[in-house]
Amino acid sequence: LQLLQEAKAEGTFNNSSAFFLVVSPQNSELLFGSLENSPDTYISKPYDAGKVRFRVEKQLRVKGTIRPIEQLLDDGQYEEVLGAVDKLLQNFPGLQVFLLRLKGIALLKMGESDQAKILFEHLIEHREMPWAEVGKGIAHFQMGDFDQSLMCLNKVVDQQHVCAEAYTWLSRGYKIKGELERAVTLMRKAVMLQPTVPVLQGELAELASQTGEWDISKTGFQQAIRYSRYSVFQIPENYFGLAKALIESNISHLDQVESEVIRVLEDVVIDFSEDEEVIFRAKLLNSDLYRKGVQKDKLEQMLLQTWRFFQRMDIDNQCKWIDVMLEAVHDSNLNEEVSGRRRELSRQIVEMEWGKANYTAMTSYRNGDLNQAFELFCKAHELLPGHSGIALNLLQTGIELLKKGEGGSAAMFTLQDVMSVIHFGSLPDKQQMRFGELSRRLSEIVLTNSREAMCNSDDPFSQEL
């Protein structure tokens, strides 16, 4: 199952390929909770040649029939998937479950959550299908109906189906509702079921960083690094998250973990040696270690080394990271020099597409035009998704829109998506504080909307004009 998940994330395994999983009979019922990352069928031990041949041949006939639709899904042609499914259903009604699963996936990819919800409800009306329950939960989440989403996904988890998607979306649901401790508890259960899945370990570590449970965070990041090595899930954010967890969990005796933190930062530089952004961020975090350890001489030396490296970076990366660099040196002798470079880069930043969109969005925000600001921040985030400052600006603007009763489900869906891609553990301290405050404010809005929905549903006159 982990191999399938990694292959799909890498793009080396397509929907049109066949995946058969050999498994012991007692574990077979655990395997079908995933909407997109489950095997086509399983073969249980001990083997029976006749049954194996029948199962494989039957599954390959099904795959052959629906392959054109799966190919459309692989190519991202979701509108075409819907029409092709409806057409094929007329000729092969016996393949309804296979075909509607593909249609449900396409609807979710398109953002047609309400239609996806109806489809999955139809599928599970007369038959228990954990993967359809997961799809229904995702649809509710995308619609902003978090209580219903949690209900669906908890049903799958309670049955102990091995499904990374269910745990991931559950943790997102509890996180957006502000129930971070519950999200951490849930993810701890998830990693007990699948301890070698780096995505789950990383998700646990990120959540634990937000609750200040640094020992859990540290272990989670360590395991995420261990099990993601040489795979598509190996990302520098796990190393930076681990370094920050080591610092925060030993804040009163940093001298004892200094060598360990430096070793983690050396590892990320070695593993991503061709990425100058990673090298720059490693130097920044090393500076943070000395700042919190009150080692002024080492701090000044490290900041100077970081600044010299920054000056050798290409102009695009300088534009992207100048504000973070400026924040790092705000109380040092380099502040004036870095501020001067910031003024020099201002014109070039605005001339870049993402910079122009971000600058215009900030101007619109200050002028009170939240809708235009939100639209432009979305554009800037799409052009430069790795810029945490833009992502936080987008979050703040979206929250202000929701507070005014504007934006609706589209804005909520965008904010959910942005929150899911921000790696809290590796953010600089000030951005972590800002993210925490924005998350709290968004949770308050979600809770208020949930209460209003409950009140309206209990009101016998709520449907009257």
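See above for the structure.
Analysis parameters
Residues numbered from 1 in each chain as written. Predicted model: local features only at pLDDT ≥ 70, side-chain atom pairs only at ≥ 80, totals over all residues. Heavy atoms only, no water. Core = buried A, V, L, I, M, F, W, Y, C linked by side-chain atoms within 4.5 Å. Buried < 20%, exposed > 50% of the residue type's maximum accessible area, 1.4 Å probe, protein only. Contact = heavy atoms within 4.5 Å. 1 Å grid on protein atoms, 1.4 Å probe; cavity = no way out; pocket = protein on both sides within 12 Å on 5 of 7 lines; lining within 4 Å. Points joined across faces, edges and corners; volume = space filled by probe spheres on them. Helix = DSSP H or I, 4+ residues; strand = E, 2+ residues; numbered from the N terminus. Nonpolar A, V, L, I, M, F, W, Y, C, P; charged D, E, K, R; others polar. Expected span 1.5 Å × (residues − 1). Axes fitted to C-alpha atoms, helices over the stretch in contact; angles between N-to-C directions. Parallel < 35°, antiparallel > 145°, perpendicular 65-115°, else oblique. Phe/Tyr/Trp six-rings, centres within 6.5 Å; stacked < 30°, edge-to-face > 60°. Lys NZ or Arg CZ within 6 Å of the ring centre and 35° of its normal.

**Description of the nonpolar core**
Okay, so step 1: The biggest cluster of nonpolar side chains holds 83 residues, and the ones touching the most others in it are Phe120 and Leu395.
Okay, so step 2: Among residues more than four places away in sequence, those in contact with Phe120 are Leu35, Gly104, Ile105, Leu108, Trp131, Ala132, Gly135 and Lys136.
Okay, so step 3: Formed by 48 residues, the second largest nonpolar core is a distinct cluster that contains Phe221, Val268, Leu284 and Leu303.

**Focus on empty space enclosed by the protein**
Where empty space is left becomes clear once a probe the size of a water molecule has been rolled over the atoms.
Okay, so step 1: With the rule as written, the count across this model stands at three cavities of 30 Å³ or more.
Okay, so step 2: Counted as a void, the second largest cavity has a volume near 60 Å³.
Okay, so step 3: Surrounding the second largest cavity, Phe141, Arg172, Lys175, Ile176, Gln416, Met419 and Ser420 form its lining.
Okay, so step 4: Elements with a minimum of two residues in the lining of the second largest cavity: helix H8 (164-176) and helix H21 (408-421).
Okay, so step 5: Here the lining of the second largest cavity is composed, by residue class, of three nonpolar, two polar and two charged.

**Comments concerning the environment of Val278**
Okay, so step 1: With respect to the secondary-structure elements, Val278 resides in helix H14 (residues 276-292).
Okay, so step 2: Taking relative accessible area as the criterion, Val278 reaches 2% and is therefore assigned buried.
Okay, so step 3: Measuring from C-alpha to C-alpha, the distance between Val278 and Val268 comes to 7.4 Å, with ten residues separating the pair along the chain.
Okay, so step 4: Beyond its immediate chain neighbours, meaning those up to four positions away, Val278 contacts Pro236, Phe240, Val268 and Phe272.

**A closer look at helix H18 (residues 353-366)**
Okay, so step 1: For H18, with 14 residues, the first-to-last C-alpha span of 20 Å sits near the 20 Å given by 1.5 Å per residue.
Okay, so step 2: Among the residues making up H18, those that are buried are Trp354, Gly355, Ala357, Asn358, Ala361 and Ser364.
Okay, so step 3: The secondary structure elements touched by the buried residues of H18 are helix H16 (315-328), helix H17 (335-351), helix H19 (370-383) and helix H20 (388-403).
Okay, so step 4: Gly368 sits one or two residues past H18 and shows a positive phi near 85 degrees.

**So, the packing of H8 against helix H9 (residues 180-193)**
Okay, so step 1: Taken N-terminus to C-terminus, the directions of H8 and H9 make an angle of 170 degrees; their axes are 8 Å apart at the nearest point. By the angle between their directions, the pair H8 and H9 is classed as roughly antiparallel. Contacts between H8 and H9 involve Tyr167, Leu170, Ser171, Tyr174 and Lys175 on the former and, on the latter, Leu180, Arg182, Ala183, Leu186, Met187, Ala190 and Leu193.
Okay, so step 2: Among the residues forming the contact of H8 with H9, the class breakdown is nine nonpolar, one polar and two charged.

**Regarding the packing of aromatic side chains**
Okay, so step 1: In total, this model carries eight aromatic pairs according to the counting rule given.
Okay, so step 2: Geometrically, the ring pair formed by Phe141 and Phe146 is edge-to-face, given 5.2 Å between the ring centres and 75 degrees between the ring planes. Each member of the pair, Phe141 as well as Phe146, carries the same accessibility label: buried.
Okay, so step 3: Centroid distance Phe280 to Phe310: 5.6 Å. Interplanar angle 50 degrees. Geometry classified as tilted. Placement of the pair is Phe280 in helix H14 and Phe310 in helix H15 (residues 296-312), with a sequence separation of 30 residues.
Okay, so step 4: Overall, the relative accessible area of 0% leaves Phe280 in the buried class.
Okay, so step 5: Through pairs of rings, three or more aromatic residues link up here, namely Phe280, Trp307, Phe310 and Trp321.
Okay, so step 6: Its end group placed over the ring of Tyr42, Arg55 keeps NZ or CZ at 5.5 Å from the ring centre.
Okay, so step 7: The ring of Phe309 carries the charged tip of Lys283 above its face, separated from the ring centre by 5.7 Å.

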